[in-house]
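# Inside the fold
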Amino acid sequence: MTLQWTAVALFLYAEIAVNLILCIPFISAKRWRSVFNLRIWSWLSPYWNKCFFTMIMVLIVLFLDAVREVQKYSGPEPMQDAKVNPNVYDHVHMKLFRSQRNLYISGFSLFLWLIMRRVVTLLNQVAVALEDSAGLQAQMDSAVKAAKQHQEDNLMLKQALLDEEKSMLGKNQQLKLEVEKLTNQVKAAEEAVRKSNAEVEAMRRQAKGLAQEYDRLLTEHHQLQNLQSAADKKDQ
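Each value, and the rule that gives it
- Residues numbered from 1 in each chain as written.
- Predicted model: local features only at pLDDT ≥ 70, side-chain atom pairs only at ≥ 80, totals over all residues.
- Heavy atoms only, no water.
- Phe/Tyr/Trp six-rings, centres within 6.5 Å; stacked < 30°, edge-to-face > 60°.
- Helix = DSSP H or I, 4+ residues; strand = E, 2+ residues; numbered from the N terminus.
- Buried < 20%, exposed > 50% of the residue type's maximum accessible area, 1.4 Å probe, protein only.
- Lys NZ or Arg CZ within 6 Å of the ring centre and 35° of its normal.
- 1 Å grid on protein atoms, 1.4 Å probe; cavity = no way out; pocket = protein on both sides within 12 Å on 5 of 7 lines; lining within 4 Å.
- Points joined across faces, edges and corners; volume = space filled by probe spheres on them.
- Nonpolar A, V, L, I, M, F, W, Y, C, P; charged D, E, K, R; others polar.
- Salt bridge = Lys/Arg side-chain N within 4 Å of Asp/Glu carboxyl O.
- Patch = residues over 30% accessible without salt bridge, like charges linked within 9 Å, V, L, I, M, F, W, Y side chains within 5 Å.
- Areas by Shrake-Rupley, 256 points an atom, 1.4 Å probe, with all protein chains shown as cover.
- Expected span 1.5 Å × (residues − 1).
- Arc of directions from axis to C-beta.

### Here we look at the packing of aromatic side chains
- Within the structure shown, the criterion is met by 3 aromatic pairs.
- Aromatic pair phenylalanine 52 and phenylalanine 53: ring centres 5.4 Å apart, planes at 75°, arrangement edge-to-face.
- With 5.6 Å between their ring centres and 25° between their planes, phenylalanine 52 and tryptophan 113 make a pair best called stacked. One end of the pair, phenylalanine 52, is in helix H3 (residues 39–73); the other, tryptophan 113, is in helix H5 (residues 86–235), with 61 residues separating them in the sequence. For the pair phenylalanine 52 and tryptophan 113, one class covers both residues: buried.
- Here the aromatic cluster, defined as three or more aromatic residues joined through ring pairs, consists of Phe11, Phe52, Phe53 and Trp113.
- Its guanidinium or amino end placed over the ring of phenylalanine 52, arginine 117 lies 4.4 Å from that ring's centre, counting from NZ or CZ.

Shown next as structure tokens:
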């Protein structure tokens, strides 16, 4: 294996290891986001896109070269030469095997390179979504707590209003009873005043009758005295 294909194979092994580490289930997306937010990654971020597309171009070139080699050693001309000379046959098959191996190495390296970029992007998106959902959950919890508090306040206010209404009803009932009592007392007083007025009127009438009777008796008394005086004068 030449130096360039050895480097590509090592790169493939590194990609496999990194993708396996990224897919470890007990490492959360938030932890990976904290790792990706380290200062070294912020320092390398301006060069990351250039490095990414450069590796894609290199891997595509190696992949196309491997495809060309496979087509070269799987064509009819090398096979015809291999049939003539047995040593050439083994050499052609060895070249074909190496070309196919290089094709798989470069193809899987390119595929895993794209997969690794996508996995990193999805981990960041999942971490952001989790943070947003945690914030929304906190807001929802606070909103539910505030709603419960408002509901409790409304219940307390309703209870206070009911108690006040009951108290007002009791006071109104008591006032009605007092008004009825006072009304009865007023009626009783009016009846007593009416009876008193009637008695006074009767006494006035009785006094007037007595005065008239007294005047009549006094008049008769004077008449009798006058008659007696007249009788005494005649006797003399």
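What follows picks up the thread again.
### Re the layout of surface pockets
- Space inside the second largest pocket adds up to approximately 250 Å³.
- Taken together, 13 residues make up the lining of the second largest pocket; nearest its centre are Thr2, Trp5, Lys95, Arg98 and Asn102.
- Only helix H1 (3–22), H3 and H5 provide two or more residues apiece to the lining of the second largest pocket.
- For the lining of the second largest pocket, the per-class residue count stands at 4 nonpolar, 4 polar and 5 charged.

### Quick look at the pattern of salt bridges
- Under the definition given, this model contains 6 salt bridges.
- Residues glutamate 191 and arginine 194 are paired through a salt bridge, measuring 2.1 Å at the closest nitrogen-oxygen approach. Here glutamate 191 pairs with arginine 194, and both are found in helix H5, just 3 residues apart, close to one helical turn.
- By relative accessible area, glutamate 191 is classed as partly exposed at 33%.
- Salt-bridge contacts for arginine 205 lead to glutamate 201; the nearest nitrogen and oxygen are separated by 3.8 Å.

### Re a nonpolar patch on the surface
- Taken together, the side chains of Leu10, Tyr13, Ile16 and Leu20 present a nonpolar region at the surface, about 430 Å² in accessible area.
- Take leucine 10: it is sitting in helix H1.
- With a relative accessible area of 54%, leucine 10 lands in the exposed category.

### Focus: H1
- With 20 residues, H1 should reach 28 Å at 1.5 Å per residue; the first-to-last C-alpha distance of 28 Å fits that figure.
- Taken as a whole, H1 has its buried residues at Trp5, Val8, Ala9, Leu12, Glu15, Asn19 and Leu22. Down the axis of H1, the sector holding all buried residues measures 150°, keeping them to one side. In H1, the exposed positions that point more than 90 degrees away from the buried face belong to Leu3, Leu10, Tyr13 and Leu20.

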